[in-house]
Amino acid sequence: MRIRLNLLIGGVICTVVIAAALLAPWLAPTDPVLDADLMNAELPPDAQFWFGTDAQGRDVLSRILYGARISLAVGIGSQVINTLIGLALGISAGYFGGWWDDFVTGLTNLMLAIPSLIFALAIMAILGPGLVSLLIALGLTNWSWTCRIARSSALSLKKQGYVQAAKTLGYGDIRIMITQILPNMIGPILVIGTLGMGDAILAEAALSYLGLGIKPPFPSWGNMLTDARELIVIAPWAAIFPGLAIFVTVLGLNLFGDGLRDWLDPHMRARQL
Amino acid sequence: MSDKNEPLVRVDSLSVHFPVRNGIFGRSKRTLRAVNNLSLTLNKGECLSIVGESGCGKSTLALSILGLQEPTTGEIYFEGRSITGKARPSRLERAGMAQMVFQDPYASLNPRQTIYTSLAAPLRLHGVSDRKEIAGRIENMMQLVGLKPEQAKRFPHEFSGGQRQRIGIARALILNPKVVVLDEPVSALDVSIRAQIINLLLELKEQLDLSYIMISHDLSVVEHMSDRVAVMYFGQIVETGSWDRVFAEPQHPYTRRLIGAILDPVTELTGQGPVDTREPPEPPPGYDYYPREFGKHDVYSLPPSSQLVALRDDHSVRLIARG
């Protein structure tokens, strides 16, 4: 029997990251902000500080656990916004066609032409740093791929017999889009959504690294990297562990998205039974 | 309630034209004339077959009758009531009039819904809220189309092509429509399954008092099912009449070619077809069938002006007045 390895590994990684984020107050050995102790600064990993300490003498492990909250909140929150925008625009454009389709396609191409990080940077500069600004900035700038996939799926799905049948059975357009078209594109949308979550976590790191994300001293994986930049030779652990956290989380999300797609596809499911 | 003489469906001078844009930035505009000034009627309890090659406009005609395609000009009446134009009924109202059985049983069922959901949703939409009543009607319908009621719990991919077509028929009938449009109902099925589905459709027609409009290019299927036939060519009816009359004495050269194309073991063995398809009969005096160059006619220009001329009873053929 073939076990869906990607779903399993991805699921375990995501569960661990979510658990770490939720249980951070209990898991973290020290407070991530207040327990600064310059006497313990730049200590390499040992039995007391598993991941070492940073320039202020704060425990890197504790800061990573608390940072997971920011990364997940940003990843999930912004992706929910992106997916809702992308689906609403994409499905309606593909289904109705006409001038609305032209408008949405134009808007999507415009969004794709502007690098989303630059766009997010501009929004952050207007809104100022903070979690809510991050959610808005990343949630408004990364829906183009979802929209494109939703549009092209809707375009092909609306010609399917069951959509025509739904029309003759008296279904309204909104009902058709929600009950007949949306469920049949959920696979690719979920994959794009989870991949986008990885992107959002990376974007958060980049924005925080540039000083526009989460304000220090509160930890996010991005601003931990910023702080560690100057110590990269003296105390590499301060940079390596947040970097690893980003890498593993994004990898886990990608594996999970892939596995989810296989699992949600009824044809694939039938083949494995 | 309706007038006795009023047919169930009456299509009156229907034309459906589509603007086609091509060239850079859609600069050159052409009009694709799918259906040209077409009239037909469907009487209660009748099976009318519309035959013709792909692209002759028969599917567009079907979509117009179902209300999925707004006509460019002309009207369609259902029991004397116009279903086109400004006063057209809503989708919900129209659902009880005509339903459709689709050609491809694989694409016509939502792969994410169980059969039960596919059948229960339209009932709920049309105000049937009692769970027991819904379950009862679905059970009844499953048995009518020759499936076991407990199979309704399954997903479409767990069924064979023939079973799926039965489900497609069940879905078309669940709202008790009066007219069912059959779009090549068996052409996607194995030859061994076709007869079963044809017989099922014929039984259901008697049992449920249905009227069929069948779209097909397969005359051997048409032969088994239809009372009347309308031969379509470039968006027009070129010959119409009761099936046995048209089959026995085809007039129009296009009809003759279609009938000549039926694969038949007798023809294959003896070289003697049911009709001689090479020589069309002399057209009635003063008329021509169509100009020689009509075979090169394209869908973007209007066909030459012509008229349906009655020959005998309801058998008529499209002719062009000479001179």
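Before reading further, recall that the structure is shown in the block above.
Residues numbered from 1 in each chain as written. Chains lettered and ligands numbered in written order. Predicted model: local features only at pLDDT ≥ 70, side-chain atom pairs only at ≥ 80, totals over all residues. Heavy atoms only, no water.

Chemist: Where do I start with the overall build of chain B in this structure?
Modeler: Looking only at helices and strands, chain B has 10 helices and 13 strands in total. Counting over 323 residues, chain B shows a buried share of 49%. Surface exposure of chain B reaches about 15700 Å², of which carbon and sulfur atoms provide 49%. (Helix = DSSP H or I, 4+ residues; strand = E, 2+ residues; numbered from the N terminus. Buried < 20%, exposed > 50% of the residue type's maximum accessible area, 1.4 Å probe, protein only. Areas by Shrake-Rupley, 256 points an atom, 1.4 Å probe, with all protein chains shown as cover.)

Chemist: Looking at this structure, I do not really get the interface of chain A and chain B. What am I missing?
Modeler: Interfaces are frequently sized by the accessible area removed from exposure as the parts join. Contacts between chain A and chain B engage 25 residues on the former and 23 residues on the latter. At the boundary of chain A with chain B, total buried surface from both sides reaches about 2000 Å², with 57% on carbon and sulfur atoms. Looking only at chain A, the three residues that lose the most surface to chain B are A:Thr168, A:Leu169 and A:Tyr171, adding up to 31% of its buried area. Scanning the region where chain A abuts chain B turns up 1 salt bridge. Between B:Arg91 and A:Asp173 there is a salt bridge, with the nearest N and O atoms lying 2.8 Å from each other. Scanning the region where chain A abuts chain B turns up 10 residue pairs in polar contact (both at pLDDT 80 or more). (Contact = heavy atoms within 4.5 Å. Buried area = accessible area lost by both parts, 1.4 Å probe. Salt bridge = Lys/Arg side-chain N within 4 Å of Asp/Glu carboxyl O. Polar contact = N/O pair within 3.5 Å; in protein donor to acceptor, adjacent residues only side chain to side chain.)

Chemist: Mind showing me how you'd approach helix α3 (residues 115-125) of chain B here?
Modeler: Spacing of three or four residues puts side chains on the same side of an α-helix, whose turn is 3.6 residues. Residues and elements named next belong to chain B. Judged by how many residues are buried, α3 sits mostly within the fold: 8 of 11 residues are covered. Among the residues making up α3, those that are buried are Ile 115, Ser 118, Leu 119, Ala 120, Ala 121, Pro 122, Leu 123 and Leu 125. Directly after α3, the chain includes Gly 127, whose backbone phi takes a positive value near 85 degrees.

Chemist: Would you take a moment to explain unusual backbone geometry for this structure?
Modeler: Comment: phi is negative for the bulk of residues other than glycine, and the bulk of peptide bonds are trans. Residues and elements named next belong to chain B. A positive phi angle, close to 40 degrees, is found at Ser 13, a residue other than glycine. Within the fold, Ser 13 resides in strand β1 (residues 9-22). Note on Ser 13: relative accessible area 27%, which makes it partly exposed. Phi at Glu 79 takes a positive value of approximately 50 degrees, unusual for a residue other than glycine.

Chemist: Whenever I open this one, the packing of helix α3 (residues 60-96) of chain A against helix α4 (residues 98-113) of chain A confuses me. Can you help?
Modeler: Residue and element names in this part refer to chain A. In contact at an axis separation of 7 Å, α3 and α4 are set at 140 degrees when each is read in the N-to-C sense. Relative to α4, α3 is oriented oblique. Here α3 runs over α4; the crossing is left-handed. For the pair α3 and α4, contact is made by Leu 89, Ser 92, Ala 93 and Phe 96 and by Gly 98, Trp 100, Asp 101 and Val 104, respectively. Class assignment of the residues belonging to the contact of α3 with α4 gives a composition of 5 nonpolar, 2 polar and 1 charged. (Axes fitted to C-alpha atoms, helices over the stretch in contact; angles between N-to-C directions. Parallel < 35°, antiparallel > 145°, perpendicular 65-115°, else oblique. Left-handed = near helix turned anticlockwise from the far one by under 90°. Nonpolar A, V, L, I, M, F, W, Y, C, P; charged D, E, K, R; others polar.)

Chemist: For this particular structure, what's the right way to read the packing of helix α1 (residues 5-22) of chain A against helix α12 (residues 237-264) of chain A?
Modeler: Each pair of packed helices can be described by the angle between their axes along with the distance between the axes. Residue and element names in this part refer to chain A. Relative to each other, α1 and α12 sit at 135 degrees, their axes nearing to 7 Å. The pairing of α1 with α12 is recorded here as oblique in orientation. α12 is crossed by α1, and the crossing has left-handed handedness. Along the contact surface, α1 presents Asn 6, Leu 7, Ile 9, Gly 10, Gly 11, Ile 13, Cys 14 and Val 17, while α12 presents Val 248, Thr 249, Gly 252, Leu 253, Leu 255, Phe 256, Asp 258, Gly 259, Leu 260, Asp 262 and Trp 263. For the contact of α1 with α12, a count of residues per class yields 11 nonpolar, 6 polar and 2 charged.

Chemist: How should the side chain of B:Gln151 be read in this particular structure?
Modeler: One can find B:Gln151 in the loop between α4 (131-144) and α5 (161-173). When near neighbours in sequence (up to four residues on either side) are disregarded, B:Gln151 contacts B:Ile115, B:Met142, B:Phe159 and B:Gln163.

Chemist: Can you help me understand the pairing of strand β3 (residues 47-51) of chain B in this one?
Modeler: On a regular strand, one side chain projects to one face of the sheet and the next to the other, so that they alternate. Residues and elements named next belong to chain B. Most of β3 is tucked away: 5 of the 5 residues are buried. Of the two faces of β3, both are covered, the one formed by Cys 47, Ser 49 and Val 51 as well as the one formed by Leu 48 and Ile 50. Alignment of β3 against strand β8 (residues 211-216), held across 5 bridges, turns out to be parallel. Residue pairing for β8: Val 51 is matched across the bridge by Ser 216. When β3 meets strand β9 (residues 228-233), the two strands line up parallel, connected through 4 bridges. By the bridge assignment for β9, Ile 50 is matched with Ala 230. (Pairing = 2+ DSSP bridges.)

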